[in-house]
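Commentary on secondary and tertiary structure
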Amino acid sequence: MRIPATSLCYHVNAMSTVRVITLGCKVNQCDGEAIARELAARGRRVVGRGPADAYVVNTCTVTGTADAKVTGCYVERDPDRLAAIPGVDAVIPNARKGEVAERVEAFLGGECRPAGQTAGNGRRGIRECPALQQRVRAFVKVQDGCDHRCAYCIVPAVRGEPRSRAPEEVLGEVEALAGAGTPEVVLCGIRLGAYGRDLGDTSLAGLLREMRGLSL
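Cut-off values and rules
- Residues numbered from 1 in each chain as written.
- Predicted model: local features only at pLDDT ≥ 70, side-chain atom pairs only at ≥ 80, totals over all residues.
- Heavy atoms only, no water.
- Helix = DSSP H or I, 4+ residues; strand = E, 2+ residues; numbered from the N terminus.
- Core = buried A, V, L, I, M, F, W, Y, C linked by side-chain atoms within 4.5 Å.
- Buried < 20%, exposed > 50% of the residue type's maximum accessible area, 1.4 Å probe, protein only.
- Contact = heavy atoms within 4.5 Å.
- Salt bridge = Lys/Arg side-chain N within 4 Å of Asp/Glu carboxyl O.

1. Side note on unusual backbone geometry
Residue R149 is not a glycine yet carries a positive backbone phi of 55°. Along the chain, R149 turns up in the loop between β8 (137-144) and α6 (155-159).

Quick look at the structure:
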C-alpha cells in the first residue's frame, strides 16, 4: 500500500478529497473499502475517479503483472523500492493497514514527515473489514493468510499465517447485512478452506451451518 502525496507540508480543509485505488483479490477489496469508510467517517470526501488531495494505493503482488501495474501486498516484498518513488509519503505494510486513515489525516492536516518513510511490520492479525456491497452482493472477509508455501506463490510471505475471524463477529455482520436488505453474502478469504483451524472449535462448514440457523 502506498500513499502518494506531495513532499511539501500544507493544510487543506476538512472536506479534502482522498482516492483509494485497490488492486487484486476480494480480500484487498474489503481492506480498501474499510479504509475508504474510515476516511469518510473522519470527514474526508472519498472520490472514485479524477484528481484528489491524497491517494491510497492498496497493492497486489501475486503475479509479475500486478507488480508492474503499481505497487497491500507488494509493500511486504519491496518497501524500499516503493519508498523511493517520487511523491510517496508513506509505505505501510499489511499488518498496519488499520493506520492508513490516521496517516492520511496527518498528511492532510499538514504534519510534516519524511517522504518515503517506511512503517514497521507490526503484529499480524485479522482486522474487521466492513462488508463491501456491490449491487445485490456483500463481501464479508472471514479469513486471511496461507501456509501452503507453494513454489510459485508469494502469498504466505506477504499475507502471513492463516488467521480467522471469530464466528460471532461474522454472524453479527451477516445479520446486520440481512437486516439492511442485502439478499446475498459472499464469504471471502485468502485460503477460505482453512477458516477456523486456528480457532480450534469451528470450521468453514460449521460457520455455514451457524449461518443457516440465523433468523434472517
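2. Here we look at the nonpolar core
Within the largest apolar cluster, 14 residues are counted, with the highest numbers of intra-cluster contacts made by V18, V20, L39, V56, V100, V104 and L108. Counting residues per element, this core draws most heavily on helix α5 (residues 100-108), at five residues. With residues up to four places along the chain from it excluded, the contact list for V20 reads G32, I35, A36, L39, V47 and V56. One finds V142, L171, L177 and Y195 within the second-largest nonpolar core, a separate group that totals twelve residues.

3. Focus: the pattern of salt bridges
As a working rule, side chains carrying opposite charge can pair if their charged atoms are close by. Tallying each qualifying case throughout the model produces 14 salt bridges. One salt bridge in this structure joins R163 and D144, with 3.6 Å as the shortest N-O distance. Taken together, the positions of R163 in strand β9 (residues 163-164) and D144 in strand β8 put the pair 19 residues apart, joining distant regions of the chain. Among the residues examined, D144 registers a relative accessible area of 4% and is labelled buried. Between E161 and R149 there is a salt bridge, with its nearest N and O atoms 2.6 Å apart. Taken together, the residues E161 in the loop between α6 and β9 and R149 in the loop between β8 and α6 connect sequence positions twelve residues apart. Here the residues in one salt-bridge network are D31, K97, K141, D144, R159 and R163, joined through shared partners.

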